[in-house]
Amino acid sequence: MKALLYERFQQAPTVQSVPDPVCPPDGVLIDVAATGLCRSDWHGWMGHDPTIRLPQVPGHEFAGTVSEVGPDVQQWRVGDRVTVPFVCACGVCAPCRAGEQQVCDNQSQPGFTQWGSFAERVAVNHADINLVSLPASIDFVTAASLGCRFSTAYRALIAHGRIQTDQWVAVHGCGGVGLSAVMIGVSRGAHIIAIDTASAALDLAVDLGAAATIDATNEDVPAAVRRISAGGAHVSIDALGSVMTCGNSILSLRKRGRHVQVGLMVADADPAPLPMAQVVANELEIYGSHGMAAHSYPELLADISAGRLDPGRLVADQISLDNAGNQLATMAQRRTAGITIITPNG
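Parameters and conventions
Residues numbered from 1 in each chain as written. Predicted model: local features only at pLDDT ≥ 70, side-chain atom pairs only at ≥ 80, totals over all residues. Heavy atoms only, no water. Core = buried A, V, L, I, M, F, W, Y, C linked by side-chain atoms within 4.5 Å. Buried < 20%, exposed > 50% of the residue type's maximum accessible area, 1.4 Å probe, protein only. Helix = DSSP H or I, 4+ residues; strand = E, 2+ residues; numbered from the N terminus. Contact = heavy atoms within 4.5 Å. Arc of directions from axis to C-beta. Polar contact = N/O pair within 3.5 Å; in protein donor to acceptor, adjacent residues only side chain to side chain.

Some points on the nonpolar core
Turning to step 1, where the next piece is worked out: Grouped together as the largest cluster of nonpolar side chains are 50 residues, with contacts concentrated most on Phe-150, Val-169, Val-182, Leu-300 and Leu-309.
Turning to step 2, where the next piece is worked out: Of all elements in the fold, only helix 4 (140-160), strand 8 (168-172), helix 5 (176-187), strand 9 (191-196), helix 6 (199-207), strand 11 (233-238), helix 10 (297-305) and strand 15 (339-343) reach the threshold of two or more residues within this core.
Turning to step 3, where the next piece is worked out: If you tally residues by element for this core, the top one is helix 4, at nine residues.
Turning to step 4, where the next piece is worked out: Leave out the neighbours within four places in its chain, and Phe-150 touches Ser-145, Ser-180, Met-183, Ile-184, Leu-300, Leu-309, Pro-311 and Leu-314.
Turning to step 5, where the next piece is worked out: Residues Ile-52, Ile-319, Leu-321 and Met-331 belong to the second largest nonpolar core, which totals 20 residues.

Have a look at this one:
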């Protein structure tokens, strides 16, 4: 099969002919119809993830059709249309038994702990725990755009943020996760304040229904959020992952507010200093959010099927596998408003 492979960190990935993956006894092979190009893939290529062993095929946001089923799989058949959370769980550890597969003790991640979806085919372990059935109404490109961005934003705001109608929600960073959060918050009747340094991202946030925007290059972000929301956000999400955005998010909150950290902290940003005096004095809640388990997808898919959410609006570009290597390697130099989807057979 064809796959995008890198053999050294920070060296240009190339499309190569590689052996097909082997179907696990408890897993499946999936013919990849669409896969998202995510900043997490760039972090992996840069060498920021210690779980990666070279050579590596990146890619962890994908959808496609089951092409082979292992003998121990009970629930899935060849031809099933599926997507997969970016955290693939073991199903037997304590978090999995508690229904918290997104923090599985023995998790695997395509594109990180194993070869990923920038390829014509990908293997998924523990299929009965990790596969998500796609309704016929949801196309593969839309399903791939859920990836780790839309589904992560969904759980971050619904489960951790507990957003309610007419509450103020501050979204720090309007990349894929942030714009997803804007759309999700608007769908629940919240007032969204979108914060970024790129005018195109802020313009798209307005198109998605944001009530206000803040250009972080020339404003005191926490002060601006407090002014716009008349006291501070009820919920604030750091969708980028930096010392500044994390601190701004916490300082943007009103008393008893909730901060949700989704953006990855890497290199010098980890560990990040936090304004703990304000956290204590204002009884703030701080959450991390790490994706969404497969069993939690039906509510999200129902919102999409009913037209309450349209993740396809976030897809800014569709590219071939041949163009994916350059797009991955130059991701830090480009700011694209929206999500890029790779179609390996397109």
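More follows now that the structure is in view.
As for the side chain of Ser-145
Turning to step 1, where the next piece is worked out: Looking at the secondary structure, you find Ser-145 in helix 4.
Turning to step 2, where the next piece is worked out: Here Ser-145 falls in the buried class, since its relative accessible area comes to 0%.
Turning to step 3, where the next piece is worked out: Ser-145 has contacts with Phe-150, Pro-311, Gly-312, Val-315, Ile-339 and Ile-341, leaving out every residue within four places of it along the chain.

A short note on the environment of Arg-334
Turning to step 1, where the next piece is worked out: Examined against the element boundaries, Arg-334 turns out to sit in the loop between helix 11 (321-329) and strand 15.
Turning to step 2, where the next piece is worked out: The exposure class of Arg-334 is partly exposed, given its relative accessible area of 28%.
Turning to step 3, where the next piece is worked out: As for Arg-334 and Pro-135, which are separated by 199 residues in sequence, their C-alpha atoms are 34 Å apart.
Turning to step 4, where the next piece is worked out: Excluding its chain neighbours within four sequence positions, the residues that come into contact with Arg-334 are Gln-327 and Leu-328.

So, helix 7 (residues 221-228)
Turning to step 1, where the next piece is worked out: Within the sequence span of helix 7, burial applies to Val-221, Pro-222, Ala-224 and Val-225. Taken end-on, helix 7 shows its buried residues confined to a sector of 165°, consistent with a single buried face.
Turning to step 2, where the next piece is worked out: Looking at the buried residues of helix 7, the elements they touch are strand 8, strand 9, strand 10 (212-215), strand 11 and helix 8 (243-251).
Turning to step 3, where the next piece is worked out: Of the residues that open helix 7, the one with a side-chain oxygen 3.2 Å from the backbone nitrogen of Ala-223 is Asp-220.
Turning to step 4, where the next piece is worked out: Just past helix 7, the residue Ala-230 takes up positive phi, approximately 55°.

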